[in-house]
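Understanding the architecture of this molecule
For reference, the chains in residue letters:
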Amino acid sequence: MDLPQLLLVGLVLLLGVVGVLIPGVPGTWLVWAGLMWWALHVRSSLAWSLLVAATALLLVVQVVKWLLPPRKVRGVGVTPRMAVFAGVGAVLGFVLVPVVGAVPGFVGGIYLCERLRLGTHGEAWASVRAVMRAVGTSVLVELFACLMVVGAWVGAVVAQ
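Worth saying up front: this structure is predicted, and the values here are computed from it rather than measured.

A few words on unusual backbone geometry. Residues apart from glycine generally show negative phi values, whereas peptide bonds are mostly found in trans. Unlike most non-glycine residues, R43 shows phi in positive territory, near 55 degrees. Following the sequence through the fold, R43 ends up in the loop between α2 (27-42) and α3 (45-67).

A few words on the packing of helix α6 (residues 102-118) against helix α7 (residues 121-159). Closest axis-to-axis distance for the α6/α7 pair is 9 Å, and the angle between their directions is 145 degrees. In the packing of α6 onto α7, the handedness of the crossing is right-handed. Tallied by class, the residues present in the contact of α6 with α7 amount to 17 nonpolar, three polar and four charged.

Residues spaced three or four apart along an α-helix face the same direction, because each turn holds 3.6 residues. For α7, which comprises 39 residues, the first-to-last C-alpha distance of 44 Å sits more than 12% below the rise-based estimate of 57 Å (1.5 Å per residue). Its maximal kink placed at V135, α7 deviates by approximately 65 degrees.

Before going further, it helps to examine the nonpolar core. L35, W38, F106, I110 and W153 are the most contacted members of the largest nonpolar core, which totals 40 residues. Taken together, the elements giving at least two residues each to this core come down to α1 (3-20), α2, α3, α5 (80-96), α6 and α7. What I110 contacts, discounting residues up to four positions off in sequence, is M82, A86, V128, V131 and M132.

Looking now at the pattern of salt bridges. Taken as a whole and judged by the stated rule, the model has two salt bridges. A salt bridge links E142 to K65, with the shortest nitrogen-to-oxygen separation between them at 2.9 Å. Pair noted here: E142 is in helix α7 and K65 is in helix α3, with a separation of 77 residues, a long-range link. By relative accessible area, which is 22% here, K65 ends up partly exposed. Between R117 and E114 there is a salt bridge; the shortest N-O distance is 2.7 Å. One end of the pair, R117, and the other, E114, are both in helix α6, three residues apart, so they sit about a helical turn from each other. For E114, a relative accessible area of 1% translates into the label buried.

Relative to the elements of secondary structure, S127 occurs in helix α7. Since its relative accessible area comes to 12%, S127 is described here as buried.

Basis of the calculations
- Residues numbered from 1 in each chain as written.
- Predicted model: local features only at pLDDT ≥ 70, side-chain atom pairs only at ≥ 80, totals over all residues.
- Heavy atoms only, no water.
- Helix = DSSP H or I, 4+ residues; strand = E, 2+ residues; numbered from the N terminus.
- Axes fitted to C-alpha atoms, helices over the stretch in contact; angles between N-to-C directions.
- Left-handed = near helix turned anticlockwise from the far one by under 90°.
- Nonpolar A, V, L, I, M, F, W, Y, C, P; charged D, E, K, R; others polar.
- Expected span 1.5 Å × (residues − 1).
- Bend = angle between axes of the 7 residues up to and from the residue.
- Core = buried A, V, L, I, M, F, W, Y, C linked by side-chain atoms within 4.5 Å.
- Buried < 20%, exposed > 50% of the residue type's maximum accessible area, 1.4 Å probe, protein only.
- Contact = heavy atoms within 4.5 Å.
- Salt bridge = Lys/Arg side-chain N within 4 Å of Asp/Glu carboxyl O.

Written out as structure tokens, the structure reads:
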């Protein structure tokens, strides 16, 4: 696969990861579509194995999201700024402490946003707990799965 097309696949995967944080955007499906696009062009056993594994993982995530309580964004005070902080925190955590760092990075991003807004530790932590109960778990599950797929894709691209 040539470099421009590889960069486009990476862009689609990145848009999918960002789309997980934006309500109404099919982020998980963008990640899957980007991976499928890559697998159809590369046509290696590694690419097909990764596509099958990612498909299974992303389908399991959809079932888990369905089993979790529904998102109640309005009453909790989730803002686009908070979504950006949480997303950046998750990505930084995922890169700094591979895979498991996404969870504390996500929560830490929400905490930092609320600490800057509210000013005190107690109020910020209470807000983090409320956000995580309302929407954080389902977003975190979906974001974590998409980051795992993108990380595996990067590993596969480097390995080839």
